[in-house]
Amino acid sequence: MNKDQSKHQAVLVKEVLEALNPQKDCYYIDATFGAGGHSREILNTGAKVIAFDFDQASIDAAKELFNKEINSKQLILLRENFSKMDESLLNLKKSLNLEISGIFFDFGTSTDQLMSKDRGFSFEAREETLDMRMDDRLGVKACDLLKLIDEKQLAKMLFEYGGENDARAIARKIVAIRRKDPNSLDKVGTLVDLIEEVKGQRARGKINAATKTFQALRIIVNDELSNIEAVLPKALRILQNSKAIDKRLVCIAFHEGEDRLVKTFFKQIEATNIGKLINKKPIQASEEELAINPRSRSAKLRALAL
Ligand SMILES: C[S@@+](CC[C@H](N)C(=O)[O-])C[C@H]1O[C@@H](n2cnc3c(N)ncnc32)[C@H](O)[C@@H]1O
């Protein structure tokens, strides 16, 4: 077991390196820098990294931990939504002669975010504000969303993004509670109690009763699937326009919604002979990795060579 479960541990590291195949002095984009676990390994090969993360906390931590690499310009760190990757790269190209050899995505949230205080990602942090924004420049917190959203739409989203079978009953209860007091859902604990009440006996399963609802809300608040949909064609175009040889596009998805987008996109590319899948089936964590890092269980890696 990983000793410190509150720190993010990069998943499928060996597999990412094999798929991305980083070469010394060539440029790679790490679109989801997080705690920098994958970037660190890419940098260790002598390759250069342009990293994106829209979470200020991730950027602040990186400035200390990667100080040397930032000063030597081996690492360029950008606080930006990866869906704006094309614009950011155009800006960089004004001062740097760069061709991109590979782009890597590790979608979703980091353990650091989930465990951080006062951000409302975890259903265990009952007293925290139900916020859930990875990028605090975003206007709508999860608690704001629950005040505004239509019941039917909420139920649909809880089902689609969280796979929550009790989505309709949970949405109904949320609307009933907010009618009495719109601010009553501002705290994590109120939503957790409400979900447990709806689920009754079924709340005593293996995973926490609130897991699916929390996942769905996080995806909605951070516009996660739309960002993936927007960036994949941009990433492809960046690689197509690059003069580098043997270019790679590598994605790790953690839930079905993300993986479906990647899988469909990669299939289209292969069908048009623009790129080739490196592995026919997604790569998943080995037993060895699962024993050290249980979070790796749902990770699926898909990679494309151009
Ligand atoms: C699963 S973590 C990445 C972990 C990282 N690979 C590591 O080894 O530490 C995902 C990271 O991507 C960031 N992220 C998610 N969506 C993003 C987006 N649209 N633009 C920029 N960063 C994003 C999150 O803030 C989070 O830090």
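What you see is a predicted model, and the numbers here were worked out from it, not measured in a lab.

Peer 1: Would you mind showing me how to read the domain arrangement of the protein chain here?
Peer 2: Interfaces are frequently sized by the accessible area removed from exposure as the parts join. Here the domain parsing of the protein chain yields domain 1 (13-112 + 224-305) and domain 2 (139-221). Of note, the centres of domain 1 and domain 2, computed from C-alpha atoms alone, are 32 Å apart. Opposite the 5 residues of domain 1 that make contact, domain 2 presents 4 residues. When its residues are assigned to classes, the side of domain 1 that touches domain 2 shows 1 nonpolar, 3 polar and 1 charged.

Peer 1: What is the right way to look at the site of the ligand in this model?
Peer 2: By nearness alone, 22 residues border the ligand, and Ala-10, Thr-32, Gly-34, Ala-35 and Gly-37 come closest of all. Those elements giving two or more residues to the shell around the ligand turn out to be helix H2 (37-44) and strand S2 (48-53). Of the residues that constitute the shell around the ligand, the class distribution is 6 nonpolar, 13 polar and 3 charged.

Peer 1: Just checking my understanding: could you explain helix H12 (residues 224-240) for this structure?
Peer 2: Its 17 residues give H12 an end-to-end C-alpha distance of 24 Å, which sits within 8% of 24 Å, the value for a rise of 1.5 Å per residue. The axis of H12 is deflected most strongly, by about 25°, at Val-231, and proline Pro-233 appears within four residues downstream. Taken together, the buried positions of H12 are Glu-224, Ile-228, Val-231, Leu-232, Ala-235, Leu-236, Ile-238 and Leu-239. Against the buried residues of H12 lie helix H5 (85-93), strand S4 (100-106), helix H11 (211-221), strand S5 (248-253) and helix H13 (256-271).

Peer 1: Would you take a moment to explain the sheet that holds strand S3 (residues 75-79) for this structure?
Peer 2: Taken in spatial order, the 7 strands line up as S3-S2-S1-S4-S5-S7-S6 in an open sheet, and their pairing is mixed. Two strands close off the open sheet at either side, each with one partner strand: S3 and strand S6 (276-277). Across 4 bridges, the pairing between strand S1 (residues 27-30) and S2 is parallel. Its bridge partner lying in S2, Tyr-28 is registered against Val-49. Across the face of the sheet, helix H1 (residues 13-20) comes into contact with S1, S4, S5 and strand S7 (300-305) while running at roughly 155° to S5. Relative to the sheet, helix H3 (residues 56-65) contacts S2 and S3, its axis offset from that of S3 by approximately 155°.

Peer 1: So what exactly am I meant to see when it comes to the environment of Glu-124 here?
Peer 2: Along the chain, the position of Glu-124 falls in the loop between helix H6 (111-115) and helix H7 (142-148). Along the primary structure Glu-124 and Ser-226 are separated by 102 residues, whereas in three dimensions their C-alpha atoms are 28 Å apart.

Peer 1: I keep staring at the packing of H12 against H13 and nothing clicks. Help me out?
Peer 2: Packed helix pairs are characterised by how far apart their axes lie and by the angle those axes make with each other. For the pair H12 and H13, interaxial distance at closest approach is 10 Å and the crossing angle is 25°. Taken as axis vectors, H12 and H13 run roughly parallel relative to one another. As for the relative orientation of H12 and H13, their crossing is right-handed in sense. Each of Leu-225, Ile-228, Glu-229, Leu-232 and Leu-236 in H12 lies in contact with H13, whose residues at this interface are Gly-257, Glu-258, Leu-261, Phe-265 and Ile-269. When grouped by side-chain class, the residues that make up the contact of H12 with H13 number 7 nonpolar, 1 polar and 2 charged.

Rules used in this analysis
Residues numbered from 1 in each chain as written. Predicted model: local features only at pLDDT ≥ 70, side-chain atom pairs only at ≥ 80, totals over all residues. Domains from an automatic or database assignment. Contact = placed C-beta atoms within 7 Å. Nonpolar A, V, L, I, M, F, W, Y, C, P; charged D, E, K, R; others polar. Near = placed C-beta within 6 Å. Helix = DSSP H or I, 4+ residues; strand = E, 2+ residues; numbered from the N terminus. Expected span 1.5 Å × (residues − 1). Bend = angle between axes of the 7 residues up to and from the residue. Buried ≥ 20, exposed ≤ 12 C-beta atoms within 10 Å, placed from the backbone. Pairing = 2+ DSSP bridges. Axes fitted to C-alpha atoms, helices over the stretch in contact; angles between N-to-C directions. Parallel < 35°, antiparallel > 145°, perpendicular 65-115°, else oblique. Left-handed = near helix turned anticlockwise from the far one by under 90°.

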